[in-house]
Number of protein chains: 2
Amino acid sequence: MAAWSSSPSLRHLLLLRPRLPLSPTCLAGSFSRRHIHSHSRRRFLSSASSSMLTHGDEASTHVDANGVVDVNPPRGTRDFPPEDMRLRTWLFDQFREVSRLMAFEEVDFPVLESEALFIRKAGEEITQQLYNFEDKGGRRVVLRPEITPSLARLVIKQGKSVSLPLKWFTIGQCWRYERMTRGRRREHYQWNMDIFGVPKVRAIVLLFQRLGITSSDVGIRVSSRKVLLAVLNMYSIPEHLFTQVCVIVDKFGKLTREEIEKELMSTGLSSEAVQGIIEVLSLKSLSKLEEVLGSGVEAVADLKKLFSFAEQYGYADWICFDASVVRGLAYYTGIVFEAFDREGKLRAICGGGRYDKLLSTFGSEDIPACGFGFGDAVIVELLKEKGLLPDMSRQIDDIVFPLDEVLEGPASSIASSLRKKGRAVDLVEDKRLKWVFKHAERINASRLILVGNSEWERGMVRVKILSTREEYEVKADELD
Amino acid sequence: MAAWSSSPSLRHLLLLRPRLPLSPTCLAGSFSRRHIHSHSRRRFLSSASSSMLTHGDEASTHVDANGVVDVNPPRGTRDFPPEDMRLRTWLFDQFREVSRLMAFEEVDFPVLESEALFIRKAGEEITQQLYNFEDKGGRRVVLRPEITPSLARLVIKQGKSVSLPLKWFTIGQCWRYERMTRGRRREHYQWNMDIFGVPKVRAIVLLFQRLGITSSDVGIRVSSRKVLLAVLNMYSIPEHLFTQVCVIVDKFGKLTREEIEKELMSTGLSSEAVQGIIEVLSLKSLSKLEEVLGSGVEAVADLKKLFSFAEQYGYADWICFDASVVRGLAYYTGIVFEAFDREGKLRAICGGGRYDKLLSTFGSEDIPACGFGFGDAVIVELLKEKGLLPDMSRQIDDIVFPLDEVLEGPASSIASSLRKKGRAVDLVEDKRLKWVFKHAERINASRLILVGNSEWERGMVRVKILSTREEYEVKADELD
């Protein structure tokens, strides 16, 4: 359930003009480092240069022969300075709120997992790009590429004592390792919602609605892997080829039709079967599918049921049948889906499906399950595009400023008592008044509270409301 | 700023009796796996066994020769099932709220960093236990052991355009790699607050107060590294030995006095100097310190100023001078502190200090800075001990249940409209009423909303308030 991004960093997607001029390095994360000359990057000399050199690591961009260290995070990874972090927090809050409304419980897993959880033989991109290595104890470990196998692991570990259905969600970072030729990122965050025990996930529509996205902006393409299974049956193709075929046909759009045909042929399929598969995948109508496969087929029944639910539950306008949707993960077994922007500019916004047989591949009893992964990148691009990102500027309630050093004690007490009332307070000391006014504007403070000698003698402070420029005196202990 | 834990998992610290019987594996995280026999662990057979075996990894506990895969997360790491996640979320919310009140901005960094950021020559434990490895591109990378160097990196990257002081906080996972002889964990989460540009951090006391911890439960030991610097000057010891001496004397309590003396002697110090250092470190009174070092010394002036601030700002009862506090990180330069439980049962709760020269070790201009790291483990042990953990049970507002399959549509609409009003709603289908009642109790639901045929014909639903067992009918569109 990975939807990796090669998008610009979150910083660039903010609606607000950044107040701080961006240094060239701030842009470095968004495209290949090759475009940036070393002299235009800020670099710093590490005091540890001699120790580092013992690693003799010439290939690294992080340490050169002189022990000069790059100020950027590792290739393909992001820092989140405050303005980017606000955006991320806001997005994650949306994910969490939707999950709460849907009565899902949050869980989490180590970002480092055993490699064995992700070794699958179907040739998926995700398992070919594992960020894996051997730890000092000789264990094969991996920075996880997706979260579903960890979920499955915990379901098995919890054992039969837990009551089904389990409705779990998680928001976590996922990793991959590939050559950085296209400046693609090596990490992203992903919201996962999974149900073990029953079949429905309706949260995606709820999230879109909360974000102000409508069904004319976004659609959800739905199909079922059982469509392909039915085609394989039509041509008497052995079922053990099923997963492999799924992973190959998922590459439609990335590879040409000829390349797909070639890959399918190489698994031993007849050219008739290959043509049959490709024809069925082009179908966009459920009744057409029924004509081709026949009405007795499980795939058709499942899909009809799903569309009739959608009708009843009022989200039919969000979904459409599209047989070409297969998804790239080996373990899907039934319904699969992905959300897309109707203008067709962006990659898939999220994707998921039913995976009823994942647990048995781990040697445990199967439990019907379905879920989705929702990345943090494409959705932000879409919101930007549609002008739906909220105001992301910093927001502080009060700045408290003593006009004299001897008033630092009282100013601090005022700050403390305001904080106890829940207000976000910046206590400023050792600055000039002019700086404080600039600072108040910069951090978007609501009020400025000045503690000056003549007022303080009377137990008073001066309050300035920054939006209206209104100014008044108030008793210090009557401040709210 | 690491305060690693060998504590039991969060699950065991919950006040609530877990409703679900714990399987033996759930305990595995809290002590060495060596104690757990393979037959008492749930294991699962991976379908990928043959691929895994190509790695020939005999040392791994995760894959044995038969391709049997462990259901536990990697050694020394934790899963967070829902009940543990609720506790973690609650704790992080406290960290975030205190940071917000203090007008700190949240930032984040990759958990994977360049090794070069953490290579320091002072012999700190933290740099000896790096979870480091070489990536496929030949770069030396590390799962970060602490967050401060990443903060410093981003400060440098942001450049002169940012306005000081920067007040940043972050909550992130930190890693270490050591032999797991004591069952110690390899990861923990840490709250960091750092100020670049000015010297004060008062948030710890605010957090304790919010958590219900008083100054008779917890104290903060304070000293300054300049105390040791003054002692070195008294004995004309060259300043380049300063950091090394700090790292050695921090081991007091872990090593015996004799071992410390031996390590200090091995740096070339005279036995006189060693005795002088050890005597000064035993001082617990600021006036005694002034007697020994003289009043002109910077260390004394700094500490006096800090204690007078604390007096003015009303947190003097939380802090005490203790010359033995040095902290184990190489880069501290001035005031250092750590919070401890007054009963003396636990390890340090958090620790921090001033690090005015870290940026120049990276080749950048120095900015005065201070900060602290606050782990997620010891504080939870303390709260448990004091009976201060809040009720952590799951909380759902409504369960909506259609009594007949044909009412699934209306039930779904009711759930949707309640969610739009902000209520957490669990829509239950395909279950018996008896199960639903049990389920309601298990997930701590407030209301049960039953959609039955005879009521629905009149546009009504039946509502049951689960705490009072009150039951009534209400118009479906009048539900709040």
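On a predicted model such as this, the values are computed, not experimentally measured, just so you know. Numbers given to residues run from 1 along each chain, matching the order in which its sequence is written. Each chain is given a letter, starting from A, and each ligand a number, starting from 1, according to the order in which they appear as written. It should be noted that, the model being predicted, local features are given only for residues of pLDDT at least 70 and side-chain atom pairs only at 80 or more, the latter also being counted only at that level, while totals for whole chains, interfaces and linings use all residues. Excluding hydrogens and water, the side-chain figures rest on all heavy atoms present in the structure.

Engineer: Describe the overall build of chain A, naming the residues involved and giving the relevant values.
Structural biologist: What chain A contains, in helices and strands, is 16 helices and 18 strands. Looking at chain A as a whole, 62% of its 480 residues qualify as buried. For the area figures, the Shrake-Rupley method with a 1.4 Å probe applies, and any residue is considered shielded solely by the protein chains shown. Accessible area for chain A stands at about 19,100 Å²; split by element, carbon and sulfur atoms hold 50% of it. Only runs of H or I of at least four residues qualify as helices and only runs of E of at least two qualify as strands under DSSP, and these elements are numbered from the N terminus. Burial classes: relative accessible area under 20% of the type maximum marks a residue as buried, over 50% as exposed, and values in between as partly exposed (1.4 Å probe, protein chains only).

Engineer: Pulling in residues and values, what's your account of the side chain of Ser99(B)?
Structural biologist: Residues and elements named next belong to chain B. Inspection of the secondary structure puts serine 99 in helix α4 (residues 82–101). Residue serine 99 is classed as buried on the basis of its relative accessible area, which comes to 0%. Among the polar contacts made by the side chain of serine 99, one reaches the side chain of tryptophan 191 at a distance of 3.1 Å. When checking whether two residues touch, look at their non-hydrogen atoms; a contact exists if any pair is within 4.5 Å. Leaving out residues up to four positions away in the same chain, serine 99 has contacts with Phe104, Phe169, Trp191 and Met193. A 3.5 Å cut-off defines polar contacts: any pair of N or O atoms within that distance qualifies, except that in protein one atom must be a possible hydrogen donor and the other a possible acceptor, and neighbouring residues in sequence count only when both atoms are side-chain atoms.

Engineer: Go over the UniProt feature "binding site: L-histidine" (unreviewed entry) in chain A, please, and point to the residues and values.
Structural biologist: Residue and element names in this part refer to chain A. The feature "binding site: L-histidine" (unreviewed entry), as annotated in UniProt, sits at Glu146, Ile147, Thr148, Arg176, Gln190, Asp194, Arg327, Tyr331 and Tyr332 in this numbering. Secondary-structure assignment places aspartate 194 in strand β8 (residues 187–196). By relative accessible area, aspartate 194 is classed as buried at 0%. In this fold, tyrosine 331 is placed in the loop between β10 (319–321) and β11 (335–341). Engagement of the side chain of tyrosine 331 in a polar contact is seen with the side chain of threonine 148, the distance being 3.3 Å. UniProt positions are given in the numbering used here, feature names are shortened, and annotations may be inferred rather than shown by experiment.

Engineer: Describe the domain arrangement of chain A, naming the residues involved and giving the relevant values.
Structural biologist: Those domain boundaries reflect an automatic or database domain assignment. Parsing chain A into structural domains produces domain 1 (82–386) and domain 2 (396–475). Computed over C-alpha atoms, the centres of domain 1 of chain A and domain 2 of chain A are 52 Å apart.

Engineer: Would you mind going over the pairing of strand β11 (residues 335–341) of chain B in detail, with residue names and values included?
Structural biologist: Residue and element names in this part refer to chain B. Burial of β11 is extensive: 7 of the 7 residues sit out of reach of the surface. Relative to β11, strand β9 (residues 218–224) runs antiparallel, the two sharing 7 bridges. Within the sheet, the bridge partner assigned to valine 222 lies in β11 and is phenylalanine 337. When DSSP locates at least two bridges between a pair of strands, those strands are taken to pair. Sheet topology places β11 next to strand β12 (residues 350–354); 4 bridges connect them, and they run antiparallel. Residue pairing in the sheet places valine 336 in a bridge with glycine 353 of β12.

Engineer: Pulling in residues and values, what's your account of the pattern of salt bridges?
Structural biologist: Residue and element names in this part refer to chain A. We define a salt bridge as a side-chain nitrogen of Lys or Arg found within 4 Å of a carboxyl oxygen belonging to Asp or Glu. One pass over the structure, following the stated rule, counts 78 salt bridges over all chains. Salt-bridge contacts for glutamate 298 lead to lysine 226; the nearest nitrogen and oxygen are separated by 3.0 Å. Taken together, the positions of glutamate 298 in helix α11 (residues 298–313) and lysine 226 in helix α6 (residues 225–234) put the pair 72 residues apart, joining distant regions of the chain. Classification of glutamate 298 by relative accessible area gives exposed; the value is 52%.

Engineer: Lay out the sheet that holds strand β17 (residues 460–465) of chain A with the relevant residues and their values.
Structural biologist: Within a sheet, each strand pairs with its neighbour through backbone hydrogen bonds, oriented either parallel or antiparallel. Residue and element names in this part refer to chain A. The 5 strands lie next to each other as β15-β14-β16-β17-β18, forming an open sheet whose pairing is mixed. At either margin of the open sheet sits one strand with a lone partner, and together these are β15 (425–427) and β18 (471–475). On average, each strand axis in the sheet is tilted by 25 degrees relative to the strand beside it, whichever way the strands run. Two elements, β17 and β18, share 5 bridges in a ladder whose sense is antiparallel. Across the sheet, residue lysine 464 finds its bridge partner in β18, namely glutamate 471. Axis geometry follows a simple rule: fit a line to the C-alpha atoms, using only the stretch in contact for helices, then measure angles between N-to-C directions, giving values from 0 to 180 degrees. On top of the sheet, helix α15 (residues 433–442) reaches β14 (396–402), β15, β16 (445–451) and β17; it is set at about 175 degrees to β14, its chief contact.

Engineer: I'd love a proper account of helix α9 (residues 242–249) of chain B, names of residues and values included.
Structural biologist: The buried count for α9(B) comes to 6 of 8 residues, which makes it a mostly enclosed element. By the burial criterion, the buried members of α9(B) are Phe242(B), Val245(B), Cys246(B), Val247(B), Ile248(B) and Val249(B).

Engineer: Describe the sheet that holds strand β4 (residues 112–114) of chain B, and please don't skip the residues or the numbers.
Structural biologist: Residue and element names in this part refer to chain B. Pairing is antiparallel across the open sheet formed by 3 strands, whose spatial order is β4-β6-β5. Among the strands making up the open sheet, the edge pair consists of β4 and β5 (131–134). Across the sheet, the mean angle from the axis of one strand to that of its neighbour is 35 degrees, orientation sign disregarded. Note: β5 against strand β6 (residues 140–143), 4 bridges, orientation antiparallel. In the sheet register, tyrosine 131 faces β6, and the bridge partner there is leucine 143.

Engineer: Can you lay out unusual backbone geometry for me, pointing to particular residues and giving the numbers?
Structural biologist: All names here are of chain B. Of note in this structure, arginine 327 is not a glycine but carries a positive phi near 65 degrees. Residue asparagine 444 is not a glycine yet carries a positive backbone phi of 65 degrees. The partly exposed category is assigned to asparagine 444, whose relative accessible area is 26%.

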